[in-house]
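# Survey of secondary and tertiary structure
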Amino acid sequence: MPLDAIIVRGAREHNLKNIDVTIPRDKLVVITGVSGSGKSSLAFETIYAEGQRRYVESLSAYARQFLGQMEKPDVDYIEGLSPAISIDQKGASRNPRSTVGTVTEIYDYLRLLFARAGRPHCPVCGRPITQQTVQQIVDSILAIEPGKRLLILAPVILDRKGEHHGVLEDARRAGFVRVRVDGTVHDLEDKIELDRYKNHTIEVVVDRIVTEDSSVRPEPVEGRDGEDAADASTASSASRLADSVETALKLGGGVIRVVIEDEDERLYSEHLWCPIDEVSFGELAPRNFSFNSPHGACPDCTGLGVKMEIEPELVIPNKNLSIAEGAIVPWTRSAAISGWYFRQLESVARRHQFSLKAPVRELTPEQLNVVLHGDKEPVSVRFEGSGGHHHSWETKFEGVVTNLQRRYKETDSDYMRQEFERYMAAVPCPTCGGTKLKPESRAVKVGDKNITETTKLSIIEAQVWFEFLAGDKTPLNEREQAIAYQVLKEIRSRLDFLVEVGLDYLTIDRGTATLSGGEAQRIRLATQIGSSLMGVLYVCDEPTIGLHPADDDRLIRTLTHLRDLGNTVLIVEHDESMMRAADHLIDMGPGAGIHGGEVVSQGTPAEVMADEKSLTGAYLSGRRQIPAPAKRRRGNGDVVTIKGAREHNLKNVTVEIPLAEFVVVTGVSGSGKSTLVTEILYRKAAQLLYQARDRPGEHDQIIGLNHLDKVINVDQSPIGRTPRSNPATYTGLFTPIRELFASVPEARLRGYQPGRFSFNVKGGRCEACQGEGYIEIEMQFLPDVTVPCEVCKGKRYNREALEILFRGKNIAEVLAMTVEQALEFFTAFPKVRNKLETLRDVGLGYITLGQPATTVSGGEAQRVKLSTELSRRSTGRTLYILDEPTTGLSFEDVKNLLAVLQRLVDGGNTVVVIEHHTDVILNADHVIDLGPNGGYRGGEVVAEGTPEEVAENGRSLTGEHLRRALARRKALALALANSNGDGAAKKAAPKKRAKAASAK
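The paragraphs below set out a description of the structure included in this document. Predicted model only: the values in this text are computed from it and were never measured. (Residues numbered from 1 in each chain as written. Predicted model: local features only at pLDDT ≥ 70, side-chain atom pairs only at ≥ 80, totals over all residues. Heavy atoms only, no water.)

## Things to note about the pairing of strand β10 (residues 199-212)
Basically, it comes down to this: Burial classification: accessible surface area is computed with a 1.4 Å probe over protein chains only, and a residue below 20% of its type maximum counts as buried, one above 50% as exposed, and the rest as partly exposed. Strands are runs of DSSP state E lasting at least two residues, helices are runs of H or I lasting at least four, and both sets are numbered from the N terminus onward. The rule for pairing is simple: two strands pair if DSSP sees at least two bridges between them.
In terms of burial, β10 is largely enclosed, as 12 of its 14 residues are buried. In terms of strand pairing, strand β7 (residues 149-161) meets β10 through 10 bridges, oriented antiparallel. The residue bridging R149 from the neighbouring strand is V210, located in β10. Bridge count for strand β8 (residues 178-181) against β10 is 4 bridges, and the pairing is antiparallel. Its bridge partner being in β10, R180 is matched across the sheet by E203.

## Considerations on empty space enclosed by the protein
Defined as follows: In this analysis the probe radius is 1.4 Å and the grid spacing 1 Å, with only protein atoms considered; a cavity is a set of points the probe fits into but cannot get out of, a pocket is an open set with protein on both sides within 12 Å along at least five of seven lines, and lining residues have an atom within 4 Å of a point. Grid points are joined across faces, edges and corners, and a volume is the space filled by probe spheres set on the points. Classification used: nonpolar for Ala, Val, Leu, Ile, Met, Phe, Trp, Tyr, Cys and Pro, charged for Asp, Glu, Lys and Arg, polar for all others including Gly.
Taken as a whole and judged by the stated rule, the model has 3 cavities of 30 Å³ or more. Computed from the structure, the second largest cavity encloses a volume of approximately 40 Å³. For the lining of the second largest cavity, the secondary-structure elements that each account for two or more residues are β35 (926-931) and α34 (957-999). For the lining of the second largest cavity, the per-class residue count stands at 5 nonpolar, 5 polar and 2 charged.

## Looking at the packing of aromatic side chains
Spelled out, the test is: Ring pairs shown here join Phe, Tyr and Trp side chains whose ring centres sit within 6.5 Å, with only the six-membered ring taken for Trp; geometry is labelled stacked below 30 degrees between planes, edge-to-face above 60, and tilted in between.
A full pass over the atoms with the stated rule returns 14 aromatic pairs. With centroids separated by 5.6 Å and ring planes inclined at 40°, the aromatic side chains of F741 and F757 adopt a geometry described as tilted. With F741 in helix α24 (residues 734-742) and F757 in the loop between α25 (745-750) and β31 (774-777), this residue pair connects regions lying 16 residues apart in the sequence. The same class applies to F741 and to F757, which are both buried.

## Section: the layout of surface pockets
Of the voids in this model, the second largest pocket is the one considered here, and its volume is about 960 Å³. Looking at the second largest pocket, it is lined by 42 residues, and the ones nearest its centre are D575, E576, S577, T918 and R968. Elements with a contribution of two residues or more to the lining of the second largest pocket: α18 (552-564), α19 (576-581), α21 (615-621), α32 (918-922) and α34. Of all the elements, α34 adds the most residues to the lining of the second largest pocket, at 8 residues. For the lining of the second largest pocket, the class distribution of residues is 13 nonpolar, 14 polar and 15 charged.

## Description of the packing of helix α15 (residues 459-469) against helix α16 (residues 478-500)
Selection criterion: Here an axis means a line fitted to C-alpha atoms, over the contact stretch when the element is a helix, while the angle between two N-to-C directions is reported on a 0 to 180 degree scale. Roughly parallel covers angles under 35 degrees, roughly antiparallel covers those over 145, roughly perpendicular covers 65 to 115, and oblique covers all other angles. Should the near helix be turned counterclockwise from the far one by less than a right angle, the crossing is left-handed, whereas a clockwise turn marks it as right-handed. Contacts are assigned to residue pairs with any non-hydrogen atoms lying within 4.5 Å of each other.
Contact geometry of α15 with α16 gives a least axis separation of 10 Å together with a crossing angle of 150°. Classed by the angle they form, the pair α15 and α16 counts as roughly antiparallel. Judged by the sense of rotation from one axis to the other, the crossing of α15 with α16 is left-handed. Of α16, the residues touching α15 (which contributes I459, I460, A462, Q463, F466, E467 and L469) are L488, I491, R492, L495, D496, L498 and V499. For the contact of α15 with α16, a count of residues per class yields 10 nonpolar, 1 polar and 3 charged.

## Considerations on the side chain of N649
What counts is decided by this rule: Definition of a polar contact: a pair of N or O atoms within 3.5 Å, with one able to donate and the other able to accept a hydrogen when the atoms are protein atoms, and with sequence-neighbouring residues admitted only if both atoms are side-chain atoms.
By the element assignment, N649 lies in the loop between β26 (639-645) and β27 (653-658). A distance of 2.7 Å separates a polar side-chain atom of N649 from the backbone oxygen of G935. Other than its neighbours up to four places away in sequence, N649 contacts G670, S671, G672, G935, G938 and G939.

## Here we look at the environment of K835
Looking at the secondary structure, you find K835 in helix α29 (residues 830-841). Judged by its relative accessible area of 22%, K835 is partly exposed. It is 7.4 Å that separates the C-alpha atoms of K835 and T731, two residues lying 104 residues apart in sequence. Not counting residues within four places of it along the chain, the set of residues in contact with K835 comprises T731, G732, L733 and S871.

## As for the pairing of β8
Note that β8 and strand β9 (residues 184-187) share 4 bridges and pair antiparallel. By the bridge assignment for β9, R178 is matched with D187. The antiparallel hairpin formed by β8 and β9 contains 2 residues in its connecting segment, where D182 sits at a positive phi of about 50°.

## Notes on the sheet that holds strand β21 (residues 449-450)
The strand order β6-β20-β21 describes an open sheet built from 3 strands, whose pairing is antiparallel. In the strand order of this sheet, the two ends are held by β6 (119-120) and β21, each with one partner. Examined bridge by bridge, β6 and strand β20 (residues 444-446) share 2 bridges and lie antiparallel to one another. Bridging across to β20, P120 finds its partner in V444.

Functional significance is not addressed by these values, which are geometric in nature.
Below, the structure written as structure tokens:
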């Protein structure tokens, strides 16, 4: 009998406590719970890992050696497993050549479409170019006006230096009588002398013809074969023309030139060739449209579309300084260099009448251009020696930007290259204009668009365009329609899937490195829908990340469609709408880390909501909720104003961010939130406050940054890329802990310094495993086996370091403690305790101090960074920027995080959060809603104000969801008040009855 469930027995991976779980097959199953409760351990490390391992084991030993295989998870057994596919948040390629089009295969089909059904045009004049057969060429010549004398020429040398004696001799031996050299006809019997140092064009005269009515006749002169052809018939004359054309094409490499008496010359080609600009095309192939192939990539930028150039904004970041005060940063780093160039600048300033002591902002554009890009005329530089002697000489001032660019190209020093790169930024390639392709590839069109114009379309625009190409009014001819039919079908299906998962605002050429984790995951999800597989186990990790509540319905429809195909969809998720849409809900907990790892409740969403033990059920049912503040802050009166923001899809917007408030920037996916906050506000503030090199997005100006003294971007990038990095090292905890161990009398007696207790350097670490704690053994076609180090037994330290005990614990045992355990252990040591308290306050009490950074999730990494900033002394003038900090957090975790963020604002700081979570928005003092939609349909400020004010805005999709949330909260509060009133009445009733009885 086929199993109707996946049965897990004895799962012990990570913090799972030997649990048994039964998961229904062919259902939409959501696993939820507080952060660190064991959700991913069950879904990915146990169920997916075992499903993947079993599938790989079914392959041959030869095939297995090429696959990255997974270890067997710590579980007794699992029944009812299908082949498993993981759709997680780590699938986005950071390769700059990877785009939405390449990962979805849309670009591969586009290359095929343009290679087979595209119409080539001349990249110079834009005229259509077609291939011509011999018959088409002959028919074109036959249509020439009668009575015209023609020369049929075969080009054999085109603009090449040399005497070309061999070419002329070969033509003579082949029986030809005349050649045209540089426009002049010569007899081959004559001696032809050419200048070997000049370019020459040589064309062999294959035949001479006079046109007649609807035909041609040979001239009464010697023809190609030396015979007199004066009395040839009309039929034989037309036949002779065809022979002449064939001969000329063969001799000229597929190209012939026809010289018409008293008219322009005509160029014909068997290949793709523009007769006006003499631009030729080879045979079109898909590789001609690939920016990853030398056949299609722009040779200047090698298909990247950008080049690193010196950026004036980085060279002179502060225009309030004068040149004398060091405004030109790269020239102030060396006294010798600055002295030499300062002399030149003095001469330039005298000539162009500006002062080196005046702020750079006061220079005219022409004067600033001279400073940056040089002076055309030589300048006279004067130098006074120590003995009072004067020297002067003339030199050319090349300009700051030109100087740095030249030195960057000429240097062989890696150090100097890195120094110059501090002042460089990626700018669109001047050769291809950022299109990545050669001009010939961009000159091929389908309809009225070339391939780069097509890839600049958003998904929704491309969907409309390709529907038009496949429709009744298509610009394609019958042949092109037949070729393009299947290709258009594949492209349209992929576009439809991307629209279904809420990514209609992305453009096809969008780089995958710029995608969020949720966007990358939904692209992979769209690809899986297209595969239409059945009987597969799909495991997804929070696919709603970055998705506005307005787009949730489309994603849920997509996942239910996967389920309806006959697949089991297992999702780790915290989104309320996703949990309510689930067929089966599993709530993990009850706490995090060592306090979790159990199944608290499972069943339908209604059954979990009715379960008193389930924390998730309590929030879903409304028994518990994240409270919103009763009163909104008014800030300190200062604002930061972003004027004229135009980067990406922002439509010249002006936004005011009030300081000393909790500000939430929200809006549908792709509306421009990250562009506004991260690419413009943060980068400009970091450039001003820290001289950061990242170039801000396009905008007019930002006013009010002088009210800030720090800006901190708390993102979800990893806290480290190797297992040697951990929360203790990142937060700075490890240093005071090592100092405490070094202060122990035994350590002082032995002369141990704090470095002795680091597993990253020689001294205290175990040298057998280099402080890794484990040894990895390669097993060829079997999975690599990781075994604990035989010397240190996985403790990472040598025996001498482990002999030092602090309050009865060695350094390895301290690193194995959770934050909560360490807080109790170090409670008497404020330097350590303060950092541990902030880790606990952001909800990370369950992680161990030495947990490898590679096992820390994006949401956990963000909270580790947040705790690091919280533990530092606040000035009250700090701007904190967070991008979706609720990623990976349950309702209870969000509640704790909001308490931490509100604490930051209470200290006078400003917190700006990019977020879709309704409860976070309701906790804001000020909301900025962008939209109204994504991509080109967004980029505007739809609503601003308190959450209540935004809720009243009928144009705002966010306001619509806020209205529902506020109404739901009001209804719950009323129901709670009524239930409390009924309860009080019931309690009072017995007393009233007793009093009445007494009175009687």
